[in-house]
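# A closer look at the structure
Below are the chains, spelled out letter by letter.
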Amino acid sequence: MAFGDTALVVMTFDTEAEAGEVLMTIRDLSSAGAIHIDDSAVVTKDADGKVEVKNQLDSGVKTGAVAGGFLGLLLGAFFFPIGGLLLGAGGGALIGKWMDKGVDKGFVEDVSNSLKPGGSALFITADGIDPASLATALEPYKGTLFHTSLPEDFADSIRRALL
């Protein structure tokens, strides 16, 4: 049974590389149709305590930019084709960002501050999650489920997989 609503899942790890590895695994699940990633961010904290956030451009911005660019090209064909394309893409990206279902930046900062030096965190907003597939994919990794908006039974399966 899949969880269809958009959910936030935040996992923390003891190494800088592991959150990125888990993201690649979850992207493989996405390609297989077991999850649809709306947005993601990998946060790392190096041994000196420096934090780096790598945020994936969310699908709303991508879709808005492509659709806006196409619409701008159509409308601009009569006036100024290249300008219409650029204006439409920019406007579409802005509209896509307004419709953003992404990760709250303040929450990312809170989790970053809680990471130990040399650790990492993975933030995912996703829908259409197949909890059994996700739990199975996470079994090779060791981490902690820091936060989730998934129902408790789904969250427990993720916690068990990360042990």
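Everything in this summary refers to the structure shown in the same document. These numbers were taken from a predicted model, which means no experiment stands behind them.

So, about the overall build of the protein. The helix and strand inventory of the protein stands at 6 helices and 5 strands. Expressed as a percentage of the 163 residues in the protein, the buried residues total 42%. Contacts in the protein between residues far apart in sequence, at least 24 positions, make up 70% of those at least 6 positions apart. Only carbon and sulfur atoms are counted for the fraction: they give 63% of the accessible area of the protein, which is about 8,800 Å².

All right, on to helix α6 (residues 152-161) then. Along α6, the positions that sit buried rather than exposed are Phe154, Ala155, Ser157, Ile158 and Ala161. With its buried residues spanning 155° around the axis, α6 presents them on a single face. Summarising the contacts, the buried residues of α6 are in contact with α5 (131-138) and β5 (144-148).

Core analysis: the largest hydrophobic core is formed by 29 residues, its most contacted members being Met11, Phe13, Val22, Ile26, Leu122 and Leu138. Taken together, the elements giving at least two residues each to this core come down to β1 (7-13), α1 (18-31), β2 (36-45), β4 (120-127), α5 and α6. Ranked by the residues each element gives to this core, the list is headed by α1, at 5 residues. Ignoring anything within four residues of it in the chain, the contact list for methionine 11 reads Val22, Ile26, Ser120, Ala121, Leu122, Leu138, Thr144, Leu145, Phe146 and Leu162. Grouped together as the second largest cluster of nonpolar side chains are 9 residues, Val10, Val108, Leu115 and Ala121 included.

Turning next to the packing of α1 against α5. Following both chains from N to C, one finds α1 and α5 inclined at 145°, their axes separated by 10 Å at the closest point. Between α1 and α5 lies a crossing whose hand is right-handed. For the pair α1 and α5, contact is made by Val22, Thr25, Ile26 and Leu29 and by Ser133, Leu134, Ala137 and Leu138, respectively. Within the contact of α1 with α5, the residues separate by chemical class into 6 nonpolar, 2 polar and no charged.

The subject of this paragraph is the pairing of β2. Put simply, side chains in a regular strand alternate between the two faces of the sheet. With 9 of 10 residues buried, β2 lies mostly within the body of the structure. Bridge analysis of β2 against β4 gives 8 bridges, and the strand direction is antiparallel. Residue isoleucine 37 lies in a different strand from β4, and its bridge partner there is alanine 126.

Quick notes on the rules
- Residues numbered from 1 in each chain as written.
- Predicted model: local features only at pLDDT ≥ 70, side-chain atom pairs only at ≥ 80, totals over all residues.
- Heavy atoms only, no water.
- Helix = DSSP H or I, 4+ residues; strand = E, 2+ residues; numbered from the N terminus.
- Buried < 20%, exposed > 50% of the residue type's maximum accessible area, 1.4 Å probe, protein only.
- Contact = heavy atoms within 4.5 Å.
- Areas by Shrake-Rupley, 256 points an atom, 1.4 Å probe, with all protein chains shown as cover.
- Arc of directions from axis to C-beta.
- Core = buried A, V, L, I, M, F, W, Y, C linked by side-chain atoms within 4.5 Å.
- Axes fitted to C-alpha atoms, helices over the stretch in contact; angles between N-to-C directions.
- Left-handed = near helix turned anticlockwise from the far one by under 90°.
- Nonpolar A, V, L, I, M, F, W, Y, C, P; charged D, E, K, R; others polar.
- Pairing = 2+ DSSP bridges.

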